[in-house]
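If you want the building blocks of each chain, they are given just below.
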Amino acid sequence: MTAQILDGKATAAAIKSDLTARVAALKEKGVTPGLGTILVGDDPGSQKYVVGKHRDCAQVGIASIQRELPATATQEEIEAVVRELNEDPACTGYIVQLPLPRGIDENRILELMDPAKDADGLHPMNLGRLVLNEPAPLPCTPNGVLTLLRQHGVEIKGAEVVVVGRGVTIGRPMPLLLTRRSENATVTQCHTGTRDLASHLRRADIIVAAAGSAHLVRPEDVKPGAAVLDVGVSRNAEGKIVGDVHPGVAEVAGWISPNPGGVGPMTRAQLLVNVVEAAERSVG
Ligand SMILES: Nc1nc(=O)c2c([nH]1)NC[C@@H]1CN(c3ccc(C(=O)N[C@@H](CCC(=O)O)C(=O)O)cc3)C=[N+]21
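Residues numbered from 1 in each chain as written. Predicted model: local features only at pLDDT ≥ 70, side-chain atom pairs only at ≥ 80, totals over all residues. Heavy atoms only, no water.

Below, the discussion takes up the packing of helix H6 (residues 140-151) against helix H9 (residues 263-283). Following both chains from N to C, one finds H6 and H9 inclined at 110°, their axes separated by 8 Å at the closest point. Taken as axis vectors, H6 and H9 run roughly perpendicular relative to one another. Along its contact with H6, which presents Cys140, Thr141, Asn143, Gly144, Val145, Thr147 and Leu148, the element H9 presents Val263, Met266, Thr267, Gln270, Leu271 and Asn274. (Axes fitted to C-alpha atoms, helices over the stretch in contact; angles between N-to-C directions. Helix = DSSP H or I, 4+ residues; strand = E, 2+ residues; numbered from the N terminus. Parallel < 35°, antiparallel > 145°, perpendicular 65-115°, else oblique. Contact = heavy atoms within 4.5 Å.)

The structure is reproduced here in structure tokens:
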């Protein structure tokens, strides 16, 4: 038996269609949501993601504001663009595409953002609000993972979830979302310091693989019927996306998110959700 698909493409399309109506309602009240992106450098992967984000905006009626800086941009030059978008009334939410080039202090850039315009949910104030159980824009990828599970009826309450990875965009916030009372999962966080990853994976009802290590999760380490979310993105020699989950896992798991076509499109959809929600808050 092969796993059922956690279809991120289809779920993202449904979210976008709901957002299209909400954007139209906002425009009738005189508010046009606008998503800004700040892209530094010429990494082809990052450029492609940013193009995707603006294509999504066009589909739902959100205005696009694009700022690009060369890989040689200084800390001060990037900060100037952050200040500009903080002040720009047409930009109701924005992201700074990560990672930034070596030598740039990423955390200082994130702290400089207006937390009310933080579309990624990565500003320290918004991450702090999440820790304190206060309403905040939620980090897009972890929120996309949850939405994907809910949409396909995968039980989160009481589930043993193993999160692999501790990066700022996924690994660290993911357990915070999963352990809220509304989700009530039990979470084990694994990382490069974990002594026996396989022993943890084998117990998991849900695996969120976000280590960025190609084919890290192998079929023999997955409990039959488990839900496996492949969040990792590496590229092979031909430039093709290789996930954190070995293709053989599809023969063991109950649910699997394809990569591409799984969590990636969900991340983009949740970004739009954050932009629209911020605009809705601004009209009360
Ligand atoms: N501040 C910030 N926020 C981010 O959300 C952020 C970031 N920085 N830096 C990089 C990562 C990566 N990321 C992806 C988003 C969508 C796809 C996506 O839609 N992928 C398609 C395939 C695209 C392709 O073929 O390359 C898919 O999975 O089907 C992938 C990756 C967001 N990130």
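Next up on the list: the pairing of strand E4 (residues 93-96). Of the two faces of E4, the one holding Gly93 and Ile95 and the one holding Tyr94 and Val96 are both buried throughout. Pairing between strand E2 (residues 34-40) and E4: four bridges, direction parallel. Counterpart to threonine 37 in the pairing with E4 is isoleucine 95. (Buried < 20%, exposed > 50% of the residue type's maximum accessible area, 1.4 Å probe, protein only. Pairing = 2+ DSSP bridges.)

In this section: the pattern of salt bridges. By the definition in use, this model includes 13 salt bridges. Measuring nitrogen to oxygen at the nearest pair gives 2.8 Å for the salt bridge that ties aspartate 56 to arginine 268. You can see aspartate 56 sitting in helix H2 (residues 44-60) and its partner arginine 268 sitting in helix H9, a full 212 residues away along the chain. We note a salt bridge from aspartate 205 to lysine 223, for which the minimum N-O separation is 2.8 Å. Here aspartate 205, found in the loop between helix H8 (197-201) and strand E7 (206-209), pairs with lysine 223, found in the loop between E7 and strand E8 (227-230); they are 18 residues apart in sequence, far enough to count as distant. Here the salt bridges share partners, and the residues they tie into one network are Arg202, Arg218, Glu220 and Asp221. (Salt bridge = Lys/Arg side-chain N within 4 Å of Asp/Glu carboxyl O.)

Turning our eyes to something else, we now look at the side chain of aspartate 230. Its location among the elements puts aspartate 230 in strand E8. One buried charged side chain, aspartate 230, makes no salt bridge at all; its nearest oppositely charged neighbour is lysine 240, positioned 11 Å away. Those residues in contact with aspartate 230 that lie beyond four places of it in its chain are Ala209, Gly243, Asp244, Val245, Ser257, Asn259 and Val263. (Lys, Arg positive; Asp, Glu negative; His and termini not counted.)

What follows is about the site of the ligand. Residues in contact with the ligand amount to 15 residues; listed here are only the nearest, Val96, Leu98, Asp120, Gly261 and Arg268. One of the side-chain N or O atoms of arginine 235 is found 3.4 Å from an oxygen atom in the ligand. Interatomic distance of 2.6 Å between a backbone N/O atom of glycine 261 and an oxygen atom of the ligand. Considered on its own, the ligand offers 670 Å² of accessible surface; in the complex 81% of this is hidden by protein. (Near = heavy atom within 4 Å. Polar contact = N/O pair within 3.5 Å; in protein donor to acceptor, adjacent residues only side chain to side chain. Areas by Shrake-Rupley, 256 points an atom, 1.4 Å probe, with all protein chains shown as cover.)

According to UniProt, the positions carrying the feature "domain: Tetrahydrofolate dehydrogenase/cyclohydrolase NAD(P)-binding" (unreviewed entry) are residues 139-282. Between the end C-alpha atoms of residues 139-282 the distance is 20 Å, and the span holds 30% helix and 17% strand. (UniProt positions renumbered as here; feature names shortened; annotations may be inferred.)

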